[in-house]
Structure formats: structure tokens, C-alpha cells
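# Examination of the molecular architecture
What follows is each chain in one-letter form.
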Amino acid sequence: MLVNQTSKLQTKLKKAVNKQQKVGLVPTMGALHSGHLALIGEAQKICEQVVVSIFVNPTQFNNASDLEKYPRNLEQDLAQIQSSYPNVIVFAPEVSEIYGKNVAAEEFDFGSITTFMEGEYRAGHFNGVGTIIKRLFNLVKPDFAFFGEKDFQQLRVIQKLVEITEQPVKVVGCATQREVNGLAKSSRNQRLTEEQKEKAAIIYQALETAKNKFNQSSIAEIKTEIKGIFEAYPEFELEYFEIADVKHLVPTETKQTNTPYRAFIAAFVNEVRLIDNIALNY
Ligand code: AMP
């Protein structure tokens, strides 16, 4: 069922709370794919009432053209959700419903988690993410909220947000869903040609290479190898490849023992920016 207004959403949620149902929130920007549907599936396992928000949040875009070109397809999104998950409430507000006249991000101090990688290359992005998720949490008051590991830095930001704002939400991280060739599912993949989608498998191959070499090679050696992979594909531009510890997300050149690490990558295919990451040693 589709709800556009906050007041209507809250009326519906009151019914769920009165029935002592657990409420789960899956925030999305729409153009749904099987990665989003997997999150909804996880939510359904532990929550009797699931809310999926579909909202292209303007304050998290640091690039006007990226915001403008972001794929939007509400009718198809609704049809997908309704056919698999008919009891889900879809909350698709207008920008004014969320922001009123002041379309601006709040400032947060997420510490080192937002200093590097997406935080470094997309100025203001995580303040925008924090702003929308804090508002959605306040509106929906979910018991659980579901986020993909595909955006691992975002997942850590949300965990930190819950800590800072002391909201009583349990944050659940869900595994990345991939195409057969390894390319992480993403709404932005819609902007790629079939050939680009095939070639974009090198992003995942780079991550797998890092994982396979992590124990025996130095981080400098791994980085050199990854750069080499990208040099063979001139239409791909590697923005960053970093290895960082999961807790602080600070890129490192040296490995500490008993520390879980992930590799993080961002690359452009023409103007389409793709990100991905992988666990290396845990
Ligand atoms: P988005 O609509 O891209 O903002 O994503 C909404 C949620 O879906 C976020 O928590 C993402 O991390 C998650 N997500 C996006 N792509 C995938 C994927 N391939 N696998 C799992 N989760 C994903």
C-alpha cells in the first residue's frame, strides 16, 4: 500500500504498534532491484509490519547532474513490492513533506568513519544521509532498520547515527546482491550499456584479487595490482581503492593482527559512479 503523507503513515503505524507488531524500516531511493528486495525479505523475517521508504534524498547528492539523472520509477517499484510483499507499507513522500522549505542537511560528527573514501570524495554526502535517516527513524520509529553492506561506509554511519542520537533502533546489515558476473546490483547500473555492465565485472574482480592476495601480499603490492587491472580498461576510471579497518574506516598501508579489514572501491564508467566493497579477512 502506498502512502505519501507522514500523517497517514503514522495512522497506519499506530495500528501495528497497538497490535504489538515489530516495525521494520527499509530506506531506499527507489529504482528497486533484487538487492532492495533482499533487504525487504530480511525485514519480513523479523518484523510483522515492514515500511519501505522510496525517496531520492536531495541533500545527499553532492552533484546536481547525478541527482537529476538518478533513475525514478515509482509505478514499477510499487508493482515489484506488491507482487512479492503485499503487506508492506511503501512511504514515498514529496521533498516538501520531509524538508518543508528548508532543503538542507544537518551537520553530524561521525568522526573517522566519514573522513575517507565516500566521505572524502562526496563532500556533504553523509550529512545528507544522516539527516534523512534520522528523520525517517523519528517518523517511523522502527524497531529494526535494514541496510545493505553494498554501502558499507553508510551502514557504519547509520550505526554511529543511532549511537549519537540514542534512537532505539536495531540496525541490521544485509549481504550484497550481485549479478552473475559479480557486479553489485545498483540502481545506477540502469545507466550502463550491456557491454559496460559486462566489463564492470572488473570492479568485483579487483575486490576478489585483493581478498585472495590479502594474506600473502603487502597492501602496496595489492594496490599496484588493482591499478594494473584498471589500466587495461581505459573507459573505467578508478577513483579510489582502499583497504580500511571495519571499526574506524581509516585506510591503511599496514596490517594489524586481530583487526577485520575490508577493501573499498569507487570507479567511473563514463559518468556513472559505481562503488563496492568486500570483507578481506573475516
Ligand atoms: P539505495 O536505494 O541505493 O539508496 O539503497 C537502499 C538500500 O539498499 C541501502 O541500504 C543499500 O545499501 C541497499 N542496497 C543497494 N544495493 C544493494 C545490493 N546490491 N545488495 C544489497 N543491498 C543493496
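All values derive from a computational prediction rather than experimental measurement.

## As for the UniProt feature "active site" (unreviewed entry) in the protein
In the UniProt entry, the feature "active site" (unreviewed entry) is given for H36. Mapped onto the fold, H36 is located in helix α2 (residues 34-46). Discounting chain neighbours no more than four positions away, the residues touching H36 are T28, G30, A31 and S187.

## Notes on the nonpolar core
Counting 40 residues, the largest nonpolar core has L9, V51, F91, I133, F137 and V140 as the members making the most contacts within it. With eight residues, the single largest contributor to this core is helix α7 (residues 125-140). Leaving out residues up to four positions away in the same chain, F91 has contacts with V3, N4, Q5, T6, L9, V51, V52, S53, I54, I98, L136 and L139. If you look at the next biggest cluster of nonpolar residues, it comprises 26 residues, including L192, F214, I219 and I265.

## Side note on the state of the cysteines
This structure, assessed with the given rule, holds zero disulfides. Of all cysteine sulfurs, the one in C174 lies closest to C47, which takes part in no disulfide; the gap is 11 Å. Assessed through its relative accessible area of 7%, C174 is described here as buried.

## Brief notes about helix α11 (residues 219-231)
Compared with the 18 Å implied by 1.5 Å per residue over 13 residues, the 18 Å span of α11 between its first and last C-alpha is a close match. If you check which residues of α11 are buried, you get I219, I222, K223, I226 and F230. One face of α11 carries all of its buried residues, which in axial projection span an arc of 100 degrees. Turned more than 90 degrees off the buried face of α11, the exposed positions are T224 and E231.

## Points about the sheet that holds strand β3 (residues 49-54)
Taken in spatial order, the six strands of this open sheet run β1-β4-β3-β2-β5-β6, and their pairing is parallel. Every other strand in the sheet has two partners, leaving β1 (2-3) and β6 (170-174) as the edge strands with one partner each. With respect to the sheet, α7 is in contact with β2 (23-28), β3, β4 (89-91) and β5 (144-148), its orientation differing from that of β2 by roughly 150 degrees.

## Overview of the environment of I98
Take I98: it is sitting in helix α5 (residues 95-99). Look at I98 and you get buried, because its relative accessible area is 10%. Leaving out residues up to four positions away in the same chain, I98 has contacts with F55, F91, P93, I132, R135 and L139.

## Quick word on the pattern of salt bridges
Going through the model one piece at a time under the given rule, you end up with 19 salt bridges. Put simply, D66, R122, R188 and R191 are held in one network by salt bridges that share partners.

## Some details on the site of the ligand
Taken together, 17 residues form the shell around the ligand, and within it M29, H36, D151, Q177 and K185 come nearest. The backbone of Q177 places a nitrogen or oxygen atom 2.8 Å from a nitrogen atom of the ligand. Take K185: an N or O atom from its main chain is 2.8 Å from a nitrogen atom of the ligand. Computed on the free molecule, the ligand has an accessible area of 480 Å², of which 93% lies beneath the protein chains in the complex. Looking at the shell around the ligand, the elements that each hand over two or more residues are β2, α2 and β5. Top contributing element to the shell around the ligand by residue count: α2, with three residues. In terms of residue class, the shell around the ligand is made up of six nonpolar, eight polar and three charged.

## So, the packing of α7 against helix α8 (residues 152-165)
Relative orientation and spacing of two packed helices are given, respectively, by the angle between their axes and the distance between those axes. Where α7 meets α8, the axes come as close as 10 Å, and the angle between the chain directions of the two elements is 55 degrees. The pairing of α7 with α8 is recorded here as oblique in orientation. Like other packed secondary-structure pairs, α7 and α8 cross with a definite hand, here right-handed. From α7, F126, V129, G130, I133, K134 and F137 reach across to α8, where they touch Q153, Q154, V157, I158, L161, V162 and T165. Tallied by class, the residues present in the contact of α7 with α8 amount to eight nonpolar, four polar and one charged.

## Things to note about the packing of aromatic side chains
In total, this model carries seven aromatic pairs according to the counting rule given. Ring geometry for F61 against Y70: centres 5.6 Å apart, planes inclined by 75 degrees, an arrangement best described as edge-to-face. Note on accessibility: F61 and Y70 belong to one class, buried. The ring of F144 has K170 sitting right over it, with the charged end atom 5.3 Å from the ring centre.

## A few points about a positive patch on the surface
There is a patch of like positive charges on the surface, built from K8, K12, K15 and K19. For K8, the location among the structural elements is in helix α1 (residues 6-18).

What counts as what
- Residues numbered from 1 in each chain as written.
- Predicted model: local features only at pLDDT ≥ 70, side-chain atom pairs only at ≥ 80, totals over all residues.
- Heavy atoms only, no water.
- UniProt positions renumbered as here; feature names shortened; annotations may be inferred.
- Helix = DSSP H or I, 4+ residues; strand = E, 2+ residues; numbered from the N terminus.
- Contact = heavy atoms within 4.5 Å.
- Core = buried A, V, L, I, M, F, W, Y, C linked by side-chain atoms within 4.5 Å.
- Buried < 20%, exposed > 50% of the residue type's maximum accessible area, 1.4 Å probe, protein only.
- Disulfide = S-S within 2.5 Å.
- Expected span 1.5 Å × (residues − 1).
- Arc of directions from axis to C-beta.
- Pairing = 2+ DSSP bridges.
- Axes fitted to C-alpha atoms, helices over the stretch in contact; angles between N-to-C directions.
- Salt bridge = Lys/Arg side-chain N within 4 Å of Asp/Glu carboxyl O.
- Near = heavy atom within 4 Å.
- Polar contact = N/O pair within 3.5 Å; in protein donor to acceptor, adjacent residues only side chain to side chain.
- Areas by Shrake-Rupley, 256 points an atom, 1.4 Å probe, with all protein chains shown as cover.
- Nonpolar A, V, L, I, M, F, W, Y, C, P; charged D, E, K, R; others polar.
- Parallel < 35°, antiparallel > 145°, perpendicular 65-115°, else oblique.
- Left-handed = near helix turned anticlockwise from the far one by under 90°.
- Phe/Tyr/Trp six-rings, centres within 6.5 Å; stacked < 30°, edge-to-face > 60°.
- Lys NZ or Arg CZ within 6 Å of the ring centre and 35° of its normal.
- Patch = residues over 30% accessible without salt bridge, like charges linked within 9 Å, V, L, I, M, F, W, Y side chains within 5 Å.
- Lys, Arg positive; Asp, Glu negative; His and termini not counted.
- Charge placed at Lys NZ, Arg CZ, Asp CG, Glu CD.

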